[in-house]
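Residue strings, one per chain:
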Amino acid sequence: MKNIFVTGCTCRTGVGQHLVKELAGKGDFLITCLVRQTSNIDWIDKIQNTRVIYSNLDDINSLVKYMQMQEVDIVINIAGIRKALNVIEAMKIAGVKKGIFVNTTGVFSKFRMASEEYKIIEPKMLGELQNNGVKFAIIRPTMIYGNGKDHNVRKFALYLNRHSLFPIFGNGSALIQPVYYKDVAKALVALVENEQCWGKAYNISGGTAITYRRFIETIVEALGEKVKFIHLPLQPTVYIVSILNKVLRSFPLKTEQILRTTEDRAFDYADAKNCFGYNPISFEEGIKLEIEELKRDGYLR
Ligand SMILES: NC(=O)c1ccc[n+]([C@@H]2O[C@H](COP(=O)([O-])OP(=O)(O)OC[C@H]3O[C@@H](n4cnc5c(N)ncnc54)[C@H](OP(=O)(O)O)[C@@H]3O)[C@@H](O)[C@H]2O)c1
């Protein structure tokens, strides 16, 4: 059995949980989830070949200790790029030579809010991995949705379920390509099984690129609601919000958040398709599954 050490098993989009279920189901892997004392791990007990250790990704010594104890073959870091350098440092000391890292297509954003940190960390990560002779693969998902708990599409669905007006900044023509959480997990499993694809970063996006307006319309249609759109002119809105940000520190909307809705966020997944058969579902299919989750959990009216 291969020992797989996973961070972020409990992440809110459900990528970690689905990855653990898929890997465990194969029977060839022993999975160790690194969680915090506060993590919700009710579901993990029910999964075969999976165990839990309590630690913290800020505590490198403890990571080293556990990686050595478990004789880890592959680390999968789902806890995010901000923790990746600690994970790589621990791998270096513990002598773990293989890792798969979940970063984000946010690194390509021209907006500081979405990319500043990632643009600094990702090159550092690559340098550390190469200097330490770690065999690696990186995936960069787009916006992840689908399990009814993500902080992305879920927020739109709950809003659109309760309001009949939706503001769109500008003409809503920027492209967006959200990815269903199970597709992200499947990409990770495929990489575990296809080491010939390692050594590079893959964009992991949804099956279809759609405009921002179509994205909202698709959620409205899946909900069976009727919603009117108000197109707000971009520059005057940004100007007004920038003043509100100065006057009211707690104003909930930032100008970069508005501008980000007008930035193209569609990313080609051809490399992943060609190397490990990545084949994601469309947003039209995925949103129906997310609405079912929200209904089942009683979040919709
Ligand atoms: N959300 C998106 O749309 C999106 C888009 C692109 C890429 N990504 C990437 O995809 C991955 C999953 O996203 P997500 O939004 O589901 O992530 P998330 O909810 O932010 O999950 C973070 C995970 O890391 C764990 N964690 C955080 N700090 C930790 C620490 N100090 N020690 C130990 N564990 C720690 C959390 O554990 P507990 O909370 O249980 O303590 C949780 O399981 C992340 O790598 C994220 O950067 C997300």
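Keep in mind the model is a prediction, meaning the values are calculated, not measured.

Peer 1: Help me understand the overall build of the chain in this model?
Peer 2: What the chain contains, in helices and strands, is eleven helices and 13 strands. For the chain, whose C-alpha radius of gyration is 20 Å, the value lies close to the compact-globule estimate of 19 Å for 301 residues. Dimensions of the chain along its principal axes, counting C-alpha atoms only, are 55 × 40 × 40 Å. Expressed as a percentage of its 301 residues, the buried residues of the chain come to 41%. For the chain, the share of sequence-separated contacts (at least 6 apart) that also reach a separation of at least 24 residues comes to 77%.

Peer 1: Help me out: how do you make sense of unusual backbone geometry in this one?
Peer 2: It is generally the case that most residues other than glycine have a negative phi and that most peptide bonds are trans. For asparagine 49, which is not glycine, the phi torsion reads 55° and is therefore positive. Tracing the backbone through its elements, the reader meets asparagine 49 in the loop between strand 2 (29–35) and strand 3 (50–54). In this structure, glutamate 71 is a non-glycine residue whose phi angle is positive, near 45°. Looking at the secondary structure, you find glutamate 71 in the loop between helix 2 (60–69) and strand 4 (74–77). A tally of 12 C-beta atoms within 10 Å means that glutamate 71 is categorised as exposed.

Peer 1: Even after reading the chapter, I still don't get the domain arrangement of the chain, so can you show me in this structure?
Peer 2: Much of the literature gives interface size as the accessible area that the parts lose upon coming together. Each assigned domain of the chain is listed with its residue range as follows: domain 1 (2–148 + 178–207 + 267–281) and domain 2 (153–173 + 210–260). Taken over C-alpha atoms, the centre of domain 1 sits 31 Å from the centre of domain 2. Domain 1 puts seven residues into the contact, and the matching count from domain 2 is five residues. Sorting elements by how many residues they give to the side of domain 1 that touches domain 2 places helix 4 (residues 112–131) first, with three residues. Classifying every residue of the side of domain 1 that touches domain 2 gives five nonpolar, one polar and one charged.

Peer 1: It is not clear to me how the site of the ligand should be interpreted in this structure. Could you clarify?
Peer 2: What surrounds the ligand is a group of 26 residues, the closest being Thr10, Cys11, Thr13, Ser39 and Ala79. Its residues placed into classes, the shell around the ligand shows eleven nonpolar, eleven polar and four charged.

Peer 1: Would you explain the packing of helix 1 (residues 15–26) against helix 6 (residues 181–193) in this entry?
Peer 2: To characterise two packed helices, one gives the angle between the axes of the helices and the distance between these axes. Contact geometry for helix 1 and helix 6: axes closest at 8 Å, N-to-C directions at 45°. Taken as axis vectors, helix 1 and helix 6 run oblique relative to one another. Handedness of the helix 1/helix 6 crossing: right-handed. Contact residues: Val15, His18, Leu19, Glu22 and Leu23 in helix 1; Tyr181, Lys182, Val184, Ala185, Lys186, Leu188, Val189 and Val192 in helix 6. Looking at the contact of helix 1 with helix 6 residue by residue, the classes come out as nine nonpolar, one polar and three charged.

Peer 1: In this structure, what is going on with the sheet that holds strand 6 (residues 135–141)? I would like to understand it.
Peer 2: Strands in a sheet are paired, the pairing made by backbone hydrogen bonds, and the direction either parallel or antiparallel. The strand order 3-2-1-4-5-6-11 describes an open sheet built from seven strands, whose pairing is parallel. Where the open sheet ends on each side, the last strands, each with one partner, are strand 3 and strand 11 (201–204). Averaged over neighbouring strand pairs, the angle between their axes works out to 20° when direction is ignored. Direction of pairing for strand 2 relative to strand 3: parallel, over a ladder of five bridges. Paired with isoleucine 31 across the strands is threonine 50, a residue of strand 3. Against the sheet, helix 1 makes contact with strand 1 (2–7), strand 2 and strand 3, and its axis sits at roughly 160° relative to strand 2, the strand it touches most.

Rules used in this analysis
Residues numbered from 1 in each chain as written. Predicted model: local features only at pLDDT ≥ 70, side-chain atom pairs only at ≥ 80, totals over all residues. Helix = DSSP H or I, 4+ residues; strand = E, 2+ residues; numbered from the N terminus. Rg over C-alpha atoms; globule rule 2.2 N^0.38 Å. Buried ≥ 20, exposed ≤ 12 C-beta atoms within 10 Å, placed from the backbone. Contact = placed C-beta atoms within 7 Å. Domains from an automatic or database assignment. Nonpolar A, V, L, I, M, F, W, Y, C, P; charged D, E, K, R; others polar. Near = placed C-beta within 6 Å. Axes fitted to C-alpha atoms, helices over the stretch in contact; angles between N-to-C directions. Parallel < 35°, antiparallel > 145°, perpendicular 65-115°, else oblique. Left-handed = near helix turned anticlockwise from the far one by under 90°. Pairing = 2+ DSSP bridges.

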